[in-house]
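Residues per chain, in single letters:
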Amino acid sequence: MTAASRRRILSGMQATGRLHLGNYLGALQNWVRLQDEYDSFFFVADWHALTTAYENPSDIPAATREILIDFLAAGLDPGRCTIFVQSRILEHAELHLLFSMFTPTPWLERVPSYKEKQETLTDRDLTTYGFLGYPLLQAADILIYKADAVPVGIDQLPHLELTREVARRFNHLYRSVFPEPEALLTAYPKVPGLDGRKMSKSYDNAIYLSETVEEMGAKIKVMVTDPARKRRNDPGDPNVCPAFGLHLIFTGEDDRAMIEKECRRAGIGCVDCKKILIQGVERGVAALVERRRSLAARWSDVEEAVRAGTDRARGVARETMVEVREAMGLA
Ligand code: SF4
């Protein structure tokens, strides 16, 4: 099937740091599956990173490079999907500006992540215009490619709903240019971090794709387990053990069944249990880690692939902007 005859999807990752196992299992693996079914656009959102990291922008280019390597190492194929960097396509900024003219601020203030992030990231001032407008920039990112669908987790649905509202308002005020993209809902596995909370770089509890398998193993060795299991002879409960949460993803069924049984009667200790987990994680990520190492040594190839993707994306964005300017009387 040609790209033109397939439905189009778009998704991105913010350049706020390296990607971790949660990003890989939650989003990247899914994108890899989707890249043949859809005309797929995947990008690194470096401008989005600025909305919360505007005081330290110097880290963003390095994060962008690392994420592009992660994309390719995870299995995104530049020959089968379009990979690009947001800030290389200035048309995103133009569309964001034009959308900002008719988007009521209450639409942005009511997006749940606006308040949530302000409450969580208390070490910085997020009472900025750019932070408030972040979901609108996201709407521009999606609509400029006329994406038919967006792969999202349930927590991102309010953002997509805003995008749909913006498309409707534009089409109503001027003329019909944008489709209303649908949610391609994905059930993400729950990936526990080293401290038992959701794996996240902001919690400093993540295992990064850029780490060696030895570094990953060392982190797992100190990962929290069932807090009630203080001594080797105490029986444990895998249901409350974060390490077992990783077993559910990386360990084969037989070993998992054995651990569930033996943990409950103190037949296996956490040290031995984690040895099995480390082997499972190593098996699960060994190919990715190796591809990553090889790609990092061939940065110019990655750059070339991304340049080609960015050129293709820019072509599509420019076509849309011609329609937008005509519709708004700005041609
Ligand atoms: S034996 Fe395994 S599942 Fe049980 S508490 Fe220890 S690490 Fe968790």
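Residues numbered from 1 in each chain as written. Predicted model: local features only at pLDDT ≥ 70, side-chain atom pairs only at ≥ 80, totals over all residues.

(A) Expanded view of the overall build of the protein. Along its length, the protein carries 14 helices and 5 strands. On C-alpha atoms alone, the protein measures out to a radius of gyration of 22 Å, which is about the 20 Å that the 2.2 N^0.38 rule sets for 331 residues. For the protein, the spread of C-alpha atoms along the principal axes amounts to about 75 × 40 × 35 Å. With 331 residues in all, the protein has 37% of them scored as buried. Look at the contacts in the protein between residues 6 or more apart in sequence, and 78% of them connect residues 24 or more apart. (Helix = DSSP H or I, 4+ residues; strand = E, 2+ residues; numbered from the N terminus. Rg over C-alpha atoms; globule rule 2.2 N^0.38 Å. Buried ≥ 20, exposed ≤ 12 C-beta atoms within 10 Å, placed from the backbone. Contact = placed C-beta atoms within 7 Å.)

(B) Local environment of the packing of helix H2 (residues 46–53) against helix H3 (residues 60–74). Axis separation between H2 and H3 bottoms out at 10 Å; the angle between their running directions is 135°. Taken together, H2 and H3 sit at an angle that is classed as oblique. Helix-helix and strand crossings are classified by hand; for H2 and H3 the assignment is right-handed. Mapping the contact onto sequence places Asp-46, Ala-49, Leu-50 and Ala-53 in H2 and Ile-60, Ala-63 and Thr-64 in H3. In the contact of H2 with H3, the residues fall into 5 nonpolar, 1 polar and 1 charged. (Axes fitted to C-alpha atoms, helices over the stretch in contact; angles between N-to-C directions. Parallel < 35°, antiparallel > 145°, perpendicular 65-115°, else oblique. Left-handed = near helix turned anticlockwise from the far one by under 90°. Nonpolar A, V, L, I, M, F, W, Y, C, P; charged D, E, K, R; others polar.)

(C) The pairing of strand S3 (residues 82–85), seen in detail. Burial along S3 is two-sided: Thr-82 and Phe-84 facing one way and Ile-83 and Val-85 facing the other are all buried. When strand S2 (residues 39–45) meets S3, the two strands line up parallel, connected through 4 bridges. Within the sheet, the bridge partner assigned to Phe-41 lies in S3 and is Thr-82. (Pairing = 2+ DSSP bridges.)

(D) Highlighting the environment of Val-111. Inspection of the secondary structure assignment puts Val-111 in the loop between helix H5 (105–109) and helix H6 (112–120). Sequence separation of Val-111 and Pro-158 is 47 residues, and the distance between their C-alpha atoms is 6.3 Å. Residues contacting Val-111, with those up to four places away along its chain left out, are Pro-135, Pro-158, His-159 and Leu-162.

(E) Spotlight on the domain arrangement of the protein. Taken domain by domain, the protein comprises domain 1 (3–191 + 299–327) and domain 2 (211–292). Relative placement of domain 1 and domain 2: their C-alpha centres are 35 Å apart. In this complex, domain 1 contributes 7 residues to the contact, which on the side of domain 2 involves 5 residues. The leading source of residues in the side of domain 1 that touches domain 2 is H3, at 3 residues. Looking at the side of domain 1 that touches domain 2 residue by residue, the classes come out as 6 nonpolar, no polar and 1 charged. (Domains from an automatic or database assignment.)

(F) Representation of unusual backbone geometry within the structure. A positive phi angle, near 50°, is found at Lys-146, a position not held by glycine. Take Lys-146: it is sitting in the loop between helix H8 (134–143) and strand S4 (149–152). Residue class for Lys-146 comes out partly exposed when judged on the 18 C-beta atoms lying within 10 Å of it. If you check the backbone angles, Ala-266 has positive phi at about 55° while not being a glycine. One can find Ala-266 in the loop between helix H12 (253–264) and helix H13 (270–296).

(G) Here's a closer look at the site of the ligand. Neighbouring the ligand are 14 residues, the closest being Gly-236, Cys-241, Cys-263, Cys-270 and Cys-273. Residue contributions to the shell around the ligand peak at 3 residues, all from H13. (Near = placed C-beta within 6 Å.)

(H) Region of the structure containing the environment of Ala-287. Within the secondary structure layout, Ala-287 lies in helix H13. Given 11 C-beta atoms within 10 Å, Ala-287 falls into the exposed group. On a C-alpha basis, the gap between Ala-287 and Leu-90 in space is 36 Å, while along the polypeptide they are 197 residues apart.

(I) The arrangement of the environment of His-92 in detail. Among the structural elements, His-92 can be located in helix H4 (residues 91–102). With 24 C-beta atoms counted inside 10 Å, the residue His-92 sits in the buried group. Along the chain, His-92 and Tyr-145 lie 53 residues apart, while their C-alpha atoms are 9.8 Å from each other. Apart from the residues within four sequence positions on either side, His-92 is in contact with Gln-86, Ala-140, Asp-141, Ile-144 and Ala-317.

(J) Representation of the packing of H3 against H13. It is at 8 Å that the axes of H3 and H13 come closest, and there the two elements cross at 130°. Between H3 and H13, the crossing angle belongs to the class labelled oblique. Considering only the axes of H3 and H13, their crossing is right-handed. Touching Ile-69, Leu-72, Ala-73 and Ala-74 of H3 are Leu-288, Arg-291, Arg-292, Leu-295 and Ala-296, all from H13.

(K) Spotlight on H8. H8 sits mainly inside the fold: 10 of its 10 residues count as buried. Among the residues making up H8, those that are buried are Tyr-134, Pro-135, Leu-136, Leu-137, Gln-138, Ala-139, Ala-140, Asp-141, Ile-142 and Leu-143.

(L) Inspection of the pairing of strand S1 (residues 8–14) at higher detail. The element S1 is largely enclosed, with a buried count of 7 among its 7 residues. Side chains Arg-8, Leu-10, Gly-12 and Gln-14 project from S1 onto one buried face, and the interleaved Ile-9, Ser-11 and Met-13 project onto a second face that is buried too. Here S1 pairs with S2 via 7 bridges, running parallel. Each residue of the ladder has a partner; that of Ser-11, found in S2, is Phe-42. Handedness of the crossover joining S1 and S2 through helix H1 (residues 21–34): right-handed. (Right-handed = clockwise from strand over helix to strand, strands pointing away.)

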